[in-house]
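Structural overview
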Amino acid sequence: MSDQSGPAGLHQRAHDLIVRIERRWASISIGIIILLALMAAFAGIHRATMPQSVVETIEPRIVHMRGEFVETNLGSALEADGSVTVRLVGQEYSFTPSCLVVPTNTPITFRATSPDVIHGFLIEGTNINTMLVPGYISVLPARFKKPGEHLMPCHEFCGVGHEGMWARVRAIDKQEFQKLIAQQPRVSCDNQ
Ligand code: CUA
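Below you will find a few notes about this structure. Here the structure is a predicted model, which is why all the values come from computation and not from measurement.

A word on the state of the cysteines. Scanning all chains against the criterion turns up one disulfide. Across the disulfide from Cys99 sits Cys189; the S-S distance is 1.8 Å. Across the S-S bond linking Cys99 and Cys189, the dihedral sits near -80°, which makes this disulfide left-handed. Here Cys189 lies in the segment after helix 2 (174–183) and Cys99 lies in strand 5 (residues 99–103), a separation of 90 residues in the sequence. The pair Cys99 / Cys189 is uniform in exposure class, with both members buried.

Structural data, given as structure tokens:
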């Protein structure tokens, strides 16, 4: 670094400057990668160790006997705001009701639980998918755009009868649903 004024010195200074800028950008990009990795690790660990912010619990032994999930309260119910709540229980090895009826183009909330072991369900052709854990109420929003029948299998291995544990979901026209619910407080298509 003796002569910095000649063309060679100028070239050297330009070179040094470029190297410095490159190193700075390299450090910044490595820093971003480390930050993203830390954020992903934190999100994964945090979610795995913390319960959901709102978790409704229920005593599994009394599910059938009293409270929200007694048999007469299962099926689809119309709420005051026009939305529909579908209550169901998954147990070894069936769902109750085994055939659900939902209206199209209506906000729907599934509320479900299990009195025995972990089950789960998904509704074919939709993104509806949840686990049923004894002691907890699974709450899931849904909406059906068009009428049709969907299969709803249990997707958590729950024992020897797991393969045969499934229900049906029948999405019907909103007006048709209104007629059904006017005749009975809870609607399902069991025995149909
Ligand atoms: Cu219930 Cu698998």
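To continue, consider a positive patch on the surface. Judged by side-chain charge, Arg143, Lys145, Lys146 and Lys174 come together as a positively charged surface patch. Within the fold, Lys145 resides in the loop between strand 9 (136–142) and strand 10 (148–153).

Attention now goes to the pattern of salt bridges. Tallied over the full model, the rule gives six salt bridges. Ionic pairing is found between Glu56 and Arg111, a salt bridge with its closest N-O pair at 2.8 Å. Within this pair, whereas Glu56 is found in strand 1 (residues 56–57), its partner Arg111 is found in strand 6 (residues 108–113), the two being separated by 55 residues in sequence. Across the salt bridge formed by Arg111 and Glu68, the nearest N and O atoms sit 2.5 Å from each other.

Structurally, Arg87 is set in strand 3 (residues 84–91). Judged by its relative accessible area of 13%, Arg87 falls in the buried class. A distance of 2.6 Å separates the side chain of Arg87 from the side chain of Glu68, its partner in a polar contact. Not counting the four nearest positions on each side in its chain, Arg87 is found in contact with Glu68, Phe69, Asn73, Leu74, Gly75, Ala77, Glu79, Thr96, Pro97 and Arg111.

Right, let's talk about the sheet that holds strand 10 for a bit. Reading across the sheet, the three strands line up as 5-11-10 and stay open at both edges, with mixed pairing between neighbours. Pairing within the sheet leaves two strands with one partner each, and these edge strands are strand 5 and strand 10. Each adjacent strand pair in this sheet contributes to an overall mean axis angle of 25°, direction not counted. In this sheet, strand 11 (residues 166–172) lies alongside strand 5 in parallel orientation, the contact comprising five bridges. Across the sheet, residue Val102 finds its bridge partner in strand 11, namely Ala171. Sheet contacts for helix 2: strand 5 and strand 11; angle to strand 5, the most-contacted strand, approximately 120°.

On the surface, Leu17, Ile21, Trp25, Ile28, Ile32, Leu35, Leu36 and Met39 cluster together into a nonpolar patch covering about 790 Å² of accessible area. Tracing the sequence through the fold places Ile21 in helix 1 (residues 7–49).

A few words now on the packing of aromatic side chains. Applying the stated criterion across every chain, the model contains two aromatic pairs. Pairing Phe95 with Phe121 gives two aromatic rings, centres 6.1 Å apart and planes at 90°, and the pair type is edge-to-face. Residue Phe95 is found in strand 4 (residues 94–96), and its partner Phe121 is found in strand 7 (residues 119–122); the two are separated by 26 residues along the sequence. Residue classification places Phe95 among the buried residues on the basis of a relative accessible area of 2%. Owing to a relative accessible area of 1%, Phe121 belongs among the buried residues under this scheme. Among the aromatic residues, those joined into a cluster by ring pairs are Phe95, Phe110 and Phe121.

The rules we used
Residues numbered from 1 in each chain as written. Predicted model: local features only at pLDDT ≥ 70, side-chain atom pairs only at ≥ 80, totals over all residues. Heavy atoms only, no water. Disulfide = S-S within 2.5 Å. Helix = DSSP H or I, 4+ residues; strand = E, 2+ residues; numbered from the N terminus. Buried < 20%, exposed > 50% of the residue type's maximum accessible area, 1.4 Å probe, protein only. Patch = residues over 30% accessible without salt bridge, like charges linked within 9 Å, V, L, I, M, F, W, Y side chains within 5 Å. Areas by Shrake-Rupley, 256 points an atom, 1.4 Å probe, with all protein chains shown as cover. Salt bridge = Lys/Arg side-chain N within 4 Å of Asp/Glu carboxyl O. Lys, Arg positive; Asp, Glu negative; His and termini not counted. Charge placed at Lys NZ, Arg CZ, Asp CG, Glu CD. Polar contact = N/O pair within 3.5 Å; in protein donor to acceptor, adjacent residues only side chain to side chain. Contact = heavy atoms within 4.5 Å. Pairing = 2+ DSSP bridges. Axes fitted to C-alpha atoms, helices over the stretch in contact; angles between N-to-C directions. Phe/Tyr/Trp six-rings, centres within 6.5 Å; stacked < 30°, edge-to-face > 60°.

In short, shape yes, function no, at least from these values alone.
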